[in-house]
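Each chain, letter by letter, is given below.
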Amino acid sequence: MSHTAGIRQAQKQKTRQALLDAALQLLEEQSLSSLGLREVTRAVGVAPTAFYRHFRDTADLGVALVEEALGSLHATIGEALTEEADDARIDRTVSLIMDLVRTSPAHVRFIARERHGGVQSVREAIAEQLRQFGDEVAAAFTDEPESEGWSAADLRMLAGVYVDHMVMTASAFLEAGPAGLDRTASLARRQLRLISLGRRHWLD
């Protein structure tokens, strides 16, 4: 790649990221279905036609935001699942969610709102990411002694409970604010311990 082409590519990426950042900020006050691309391009300071060099429409931009919000978490969640003791895994998971809400509150709020929002492709993108998380959790559970005798369907059901709980906990942290973090974290740990206890006795 020539020096000029490299500069052009870097500028294109910079503009694309600026559009994502501007959209995320605008989505703090509205849903994606009501967001206009002219609002986004105006916030970035580019012509509306420039939008189409990066995204087909606002739904396509929303799918990119889903990937930005959730795509990088697979490795992090995988690390949490390597904890062998229940309490250590629970503490690691809750800390992970708390850190995510602290560092990326706008992304978490976007996912929480649009998971059941009005843009189908974005709902589907979120569902697919959560399905992948569920598959990864189920795979981690498969080789554990507690899973002996479990069917694949039941393990997948259990993994879905954990993933749903993670999403619910992230929303709870958002609603609680700084003053309620400790209380919310404590409740989340207790809920996960209850799920863990139920897992041990599922086949009784």
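That block above? That's the structure.
What you see is a predicted model; the values in this text were computed from it and never measured. Residue numbering note: each chain is counted from 1, following its sequence as written. Where totals are concerned, whole chains, interfaces and linings use all residues; where local detail is concerned, this predicted model gives features only for residues with pLDDT of at least 70, and gives and counts side-chain atom pairs only at 80 or more. Side-chain metrics in this entry use all non-hydrogen atoms of the structure; hydrogen atoms and water are not considered.

Quick look at the pattern of salt bridges now. Here the idea is simple: oppositely charged side chains can pair when their charged atoms come close. Just to be clear on terms, a salt bridge is a Lys or Arg side-chain nitrogen sitting within 4 Å of an Asp or Glu carboxyl oxygen. Summed over all chains, the structure comprises 15 salt bridges. Residue Asp87 pairs with Arg193 through a salt bridge whose shortest N-O separation is 3.2 Å. Highlighted residues: Asp87 in helix 6 (residues 86–103) and Arg193 in helix 10 (residues 181–200), separated in sequence by 106 residues. Relative accessible area serves as the criterion here: at 43%, Asp87 is assigned to the partly exposed category. Helix and strand definitions here come from DSSP, where helices need a minimum of 4 consecutive H or I residues and strands a minimum of 2 consecutive E residues; each element is numbered from the N-terminal end. Categorising residues by exposure relies on relative accessible area from a 1.4 Å probe, with only protein chains included: less than 20% of the type maximum marks a residue as buried, more than 50% marks it as exposed, and the intermediate range marks it as partly exposed.

With that settled, the discussion passes to helix 9 (residues 152–176). Since there are 3.6 residues in each turn of an α-helix, residues three or four apart along the chain are aligned in direction. Expected span of a helix: the number of residues minus one, times 1.5 Å. Taking 1.5 Å per residue, 25 residues should reach 36 Å; helix 9 reaches 36 Å between its end C-alpha atoms and fits that length. Residues Leu155, Leu158, Ala159, Tyr162, Val163, His165, Met166, Val167, Thr169, Ala170, Phe173 and Leu174 constitute the buried set of helix 9. Looking at the packing, one finds that the buried side of helix 9 touches helix 5 (73–81), helix 6, helix 7 (105–114), helix 8 (120–142) and helix 10. In the stretch just after helix 9, Gly177 is the one whose phi turns positive, near 70 degrees. Throughout, a contact is declared for two residues whenever any of their heavy atoms are within 4.5 Å.

Let's shift gears to the packing of aromatic side chains. Pairing of aromatic rings covers Phe, Tyr and Trp, the last through its six-membered ring, and needs centres within 6.5 Å; plane angles under 30 degrees mean stacked, over 60 mean edge-to-face, and all others mean tilted. With the rule as written, the count across this model stands at 4 aromatic pairs. On the basis of an interplanar angle of 80 degrees and a centroid distance of 5.7 Å, the ring pair of Phe51 and Tyr52 is categorised as edge-to-face. Centroid distance Phe51 to Phe55: 5.6 Å. Interplanar angle 50 degrees. Geometry classified as tilted. Here Phe51 matches Phe55 in class, with each residue buried.

Before going further, it helps to spend a moment on the environment of Arg42. One can find Arg42 in helix 2 (residues 37–44). Residues Arg42 and Glu83, spaced 41 residues apart in sequence, show a C-alpha to C-alpha distance of 47 Å.

Remember, this is a structural readout, not a statement about activity or role.
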